[in-house]
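Understanding the architecture of this molecule
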Amino acid sequence: MARRAADSNGLMRLLASGRFRWLWLLVCLLGLFAFFAAWNPTAVLSTYNVRNIIGDASTLLIVAVGVTFVVATAGIDLSLGAVLIFCQVIAAKTMIAVGGSGWDATLAGTAAALLAGIAWGTLNGVMVARLRIPPLIATLGTLGMAGGTALLITNGINVRTGIPDELTLVIGAGRLFNLLPYTSVVAIVVVAAAVFALNYTRFGLHVLGIGSNEVAVERTGVNVASVKIRVYALSGACAGLGAVVDLARFSTTAVGAYSTLSLEAIAAAVIGGTSLFGGVASIIGAVIGVFIPAVLRNGFVILGVSSFWQQIAVGIILVTAVYIDQRRR
Amino acid sequence: MTAPALKARGIVKRYGHIEALRGVDFQVDHGEVVALIGDNGAGKSTLSKILVGAIEPTEGTIEFEGGPVVFKGPADARRHGLEIVYQDLALAPHLEPAENFYLGREIYRGGALGRWLGLLDRATMRRRAIEAMRTLNVNLKDERGRISELSGGQQQGVAVARAAFWASSVLFLDEPTAALGVRQRSGVHDMIKKVQQNGLGIVLISHDLPEVMDVADRIHVLRRGETAKIYERGETDTMGLVAAITGAH
Ligand SMILES: Nc1ncnc2c1ncn2[C@@H]1O[C@H](COP(=O)(O)OP(=O)(O)O)[C@@H](O)[C@H]1O
Ligand SMILES: [Mg+2]
């Protein structure tokens, strides 16, 4: 009896502690969805619509997961939109060079995109951790460099041909068990790996420790610079993977798009309970933080409300989330 | 006679024109509490940082257990069993006590694969950390809560317990009670005595003279980077210490 009381106390404490803030967020997300569904159940609840929301979120999900690690170290990565496009261009050019069709071209392009993302991310990490350039400036610099290079390579014209059908038709348009888009499967695998890395491994502990008190971690002998470089490289790699997923979905590079990708990803992380001051992070929270704006956008479109309202609503949610974080400190 | 745990000779530390230390000899034995006292800027923190390998001396030699050593950084000194609790608390406030205990020295599970992935064995780390804290009477209501949820005294308790847990030779405490209330201070004093009984040498930096007279076997007074006086237990009183600190004779 006493034992059970203690357990339920412990449960209440856990719920209140903020570690499970994502549960409350999930309730908010479902509430939002229910709200729109109540207005127009047939359109909102259709398989087609739900699948669209989930599929459309794939790229942002992957990028948001990566940037969550950066924000957890009290860093920031503004370069992701440009890095993603650069990676797409590299992927497309590689696929064309390898013959423009087949799984080998798909794989080669994917590998090239990942490597390109890791390269830009590593550059970010080295600038932040070794050259001590503030992350805001370092990644803003990379935003310019990667974006400019992508434009130089393509002359600003999107690559639309020579992308293998295996990538666009099989992966981009295909669904697992005819249910879940393969791009979402990729996103889910990334999310699962990130949950594991952040919560169960030394890497995750060091990431949160650095965000919490960098000097303390340094003093324990952990190579803080190396952890930070890996964190930015991870963020870049996620942008590279997001690039391939986007390429698969739209069969074209996205030169000129994604100018607000980093901000959307950081917003998702922050809405999901990751602290901009570092030390606290939630991958599941970031996932919910991706879907709250997505459901809002979808709902407004279906209700015929101007999508500009979605921007306003997301802005308010973001500021509120940061305010709550600030208050908790 | 066994060799002292740690012995330093002729330690000089210059920062540009500033001579933080100008030829200090220092010694601490196993099972002994040496208080290191002196005015602000006397060089106490600098000396302890040099002795735990956090900074390099400009001149001077260090002997560890009778043999000469040059510490290649704090990790090296830690491998020799030296630990320090810094003046500014060096805990990560968002992590739990056990995570702070094992930060940088994690325990893994899952065999070779687990080690490669860095898969944390949180259960074992928690069990050992909690046991270590309880032995030193650091009793936390929520042993898995974040450090930031603890009182200042409890945080200091965790920091001292962590350092004592890893230390096998000498434990340095840089003003561990400066920010604490009376009850919490006596808690830290009890910890110091317990750690001493386990055979560790302790270097206690403090401004609290009654505290120093109470726990120290030897009192090493620094003044402007030099040794002003060294007293054995009972050789002096508060007035004598003040005189040695300020240089009034
Ligand atoms: N990194 C540094 N650069 C320049 N001067 C320093 C540095 N660290 C300490 N000092 C100087 O060395 C002297 C001793 O400092 P410190 O060891 O911190 O004294 P204490 O701990 O006894 O108060 C002071 O004059 C201080 O200003
Ligand atoms: Mg000091």
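Residues numbered from 1 in each chain as written. Chains lettered and ligands numbered in written order. Predicted model: local features only at pLDDT ≥ 70, side-chain atom pairs only at ≥ 80, totals over all residues. Heavy atoms only, no water.

**With respect to the overall build of chain A**
Looking only at helices and strands, chain A features 16 helices and 2 strands. Taken over the C-alpha trace, chain A has a radius of gyration of 20 Å; the compact-globule value for 329 residues is 20 Å, and the two agree within 12%. For chain A, the C-alpha atoms occupy an extent of roughly 70 × 55 × 35 Å along the three principal directions. Across the 329 residues in chain A, those meeting the buried criterion constitute 51%. (Helix = DSSP H or I, 4+ residues; strand = E, 2+ residues; numbered from the N terminus. Rg over C-alpha atoms; globule rule 2.2 N^0.38 Å. Buried < 20%, exposed > 50% of the residue type's maximum accessible area, 1.4 Å probe, protein only.)

**Describing the nonpolar core**
Ranked by internal contacts, the top residues of the largest apolar core, which has 138 residues, are Phe69(A), Ile37(B), Val158(B) and Ile219(B). Considering each element in turn, this core owes the most residues, 12 residues, to helix H13 (residues 224–250) of chain A. The contacts of Val158(B), once residues within four sequence positions are left out, are Leu91(B), Pro97(B), Phe101(B), Met133(B), Val138(B), Leu140(B), Ile147(B) and Leu150(B). Core analysis: the next-biggest nonpolar cluster, separate from the first, contains 28 residues, Leu6(B), Val24(B), Val34(B) and Ile50(B) among them. (Core = buried A, V, L, I, M, F, W, Y, C linked by side-chain atoms within 4.5 Å. Contact = heavy atoms within 4.5 Å.)

**Digging into a nonpolar patch on the surface**
Residues Val305(A), Trp309(A), Ile312(A) and Ile316(A) make up a contiguous nonpolar surface patch of roughly 390 Å² in combined accessible area. Mapped onto the elements of the fold, Trp309(A) is located in helix H16 (residues 308–328). (Patch = residues over 30% accessible without salt bridge, like charges linked within 9 Å, V, L, I, M, F, W, Y side chains within 5 Å. Areas by Shrake-Rupley, 256 points an atom, 1.4 Å probe, with all protein chains shown as cover. Salt bridge = Lys/Arg side-chain N within 4 Å of Asp/Glu carboxyl O.)

**Quick look at the interface of chain A and chain B**
With 22 residues of chain A at the contact, the number on the chain B side is 24 residues. Roughly 2100 Å² of surface becomes buried between chain A and chain B when both sides are summed, with 53% attributable to carbon and sulfur atoms. Counting the surface chain A buries against chain B, the share from its top three residues, Arg202(A), Leu205(A) and Arg219(A), is 31%. Here chain A is connected to chain B by 1 salt bridge. Here Arg219(A) and Asp88(B) are joined by a salt bridge, their closest N and O atoms 3.3 Å apart. Mapped onto the side of chain A that touches chain B, the elements with two or more residues apiece are helix H10 (182–200), helix H11 (202–212) and helix H12 (214–219) of chain A. Of the residues in the side of chain A that touches chain B, the class split is 8 nonpolar, 10 polar and 4 charged. (Buried area = accessible area lost by both parts, 1.4 Å probe. Nonpolar A, V, L, I, M, F, W, Y, C, P; charged D, E, K, R; others polar.)

**Considering the sheet that holds strand S6 (residues 82–85) of chain B**
Residue and element names in this part refer to chain B. Read from one edge to the other, the open sheet built from 6 strands follows the order S6-S7-S8-S3-S9-S10, with strand pairing classed as mixed. Each of the sheet's edge strands pairs with one partner strand only, and the pair in question is S6 and strand S10 (226–232). When strand polarity is set aside, the average angle formed by the axes of neighbouring strands in this sheet is 15 degrees. In the sheet, strand S3 (residues 33–37) pairs with strand S8 (residues 201–205) via 4 bridges, with the strands oriented parallel. Counterpart to alanine 35 in the pairing with S8 is leucine 204. Contacts from helix H1 (residues 44–51) reach S3, S6, strand S7 (170–174), S8 and strand S9 (218–223), with the element oriented near 150 degrees to S7. (Pairing = 2+ DSSP bridges. Axes fitted to C-alpha atoms, helices over the stretch in contact; angles between N-to-C directions.)

**Considerations on the environment of Ile62(A)**
Residue and element names in this part refer to chain A. You can see isoleucine 62 is positioned in helix H5 (residues 58–72). For isoleucine 62, a relative accessible area of 0% corresponds to the buried category. Put simply, isoleucine 62 and glutamate 264 are 202 residues apart on the chain and 12 Å apart in space, counted from C-alpha to C-alpha. When residues no more than four places from it in sequence are discounted, the contact partners of isoleucine 62 are Val186, Ala187, Val190, Cys238, Leu241, Gly242 and Val245.

**Some details on the packing of aromatic side chains**
Applying the stated rule across the entire model yields 10 aromatic pairs over all chains. Centre to centre, the rings of Phe36(A) and Phe300(A) are 5.7 Å apart; their planes meet at 90 degrees, and the pair counts as edge-to-face. On the criterion of sequence distance, the pair formed by Phe36(A) in helix H2 (residues 21–39) and Phe300(A) in helix H15 (residues 283–303) is long-range, its members being 264 residues apart. Relative accessible area serves as the criterion here: at 14%, Phe300(A) is assigned to the buried category. Note on Phe196(A) and Tyr200(A): the rings are 6.3 Å apart at their centroids and 25 degrees apart in plane angle, and the pair reads as stacked. Residue Phe196(A) and its partner Tyr200(A) are both found in helix H10; the two are separated by 4 residues, about one turn of the helix. The exposure class assigned to Phe196(A) is partly exposed, which follows from its relative accessible area of 29%. Over the ring of Tyr86(B) we find Arg219(A); its NZ or CZ atom is 3.8 Å from the centre of that ring. Note that Arg105(B) overlies the ring of Trp166(B), its terminal NZ or CZ placed 4.1 Å from the centroid. (Phe/Tyr/Trp six-rings, centres within 6.5 Å; stacked < 30°, edge-to-face > 60°. Lys NZ or Arg CZ within 6 Å of the ring centre and 35° of its normal.)

**A few points about the site of ligand 1**
Residues and elements named next belong to chain B. By nearness alone, every residue bordering ligand 1 is listed as Tyr15, Ile18, Ala20, Asp39, Asn40, Gly41, Ala42, Gly43, Lys44, Ser45 and Thr46. Taking glycine 41, its main chain carries an N or O atom lying 2.8 Å from an oxygen atom of ligand 1. A distance of 2.8 Å separates an oxygen atom of ligand 1 from a polar backbone atom of lysine 44. Coverage of ligand 1 by the protein chains reaches 60% of its 560 Å² of free accessible surface. Sorting the residues of the shell around ligand 1 by element identifies strand S2 (18–28) and H1 as the ones contributing at least two each. Grouping the constituent residues of the shell around ligand 1 by class yields 4 nonpolar, 5 polar and 2 charged. (Near = heavy atom within 4 Å. Polar contact = N/O pair within 3.5 Å; in protein donor to acceptor, adjacent residues only side chain to side chain.)

**What about the sheet that holds strand S4 (residues 59–64) of chain B?**
Residue and element names in this part refer to chain B. The 4 strands are arranged S2-S1-S4-S5 in an open sheet whose pairing can be described as antiparallel. The two strands at the open ends of the sheet, each matched to only one other strand, are S2 and strand S5 (67–69). Going from strand to strand, the sheet's axes swing by 30 degrees on average, the running direction of each strand aside. Judged from the 3 bridges that link them, S4 and S5 form a sheet pairing that is antiparallel.

**Re the confidence of the model for chain A**
Looking at chain A, pLDDT values average 90 and 94% of them are 70 or higher. Here residues 1–6 of chain A is a poorly scored stretch, pLDDT under 50, and it has 0 contacts once near neighbours within four places are set aside; other chains count. (pLDDT = per-residue confidence, 0-100.)

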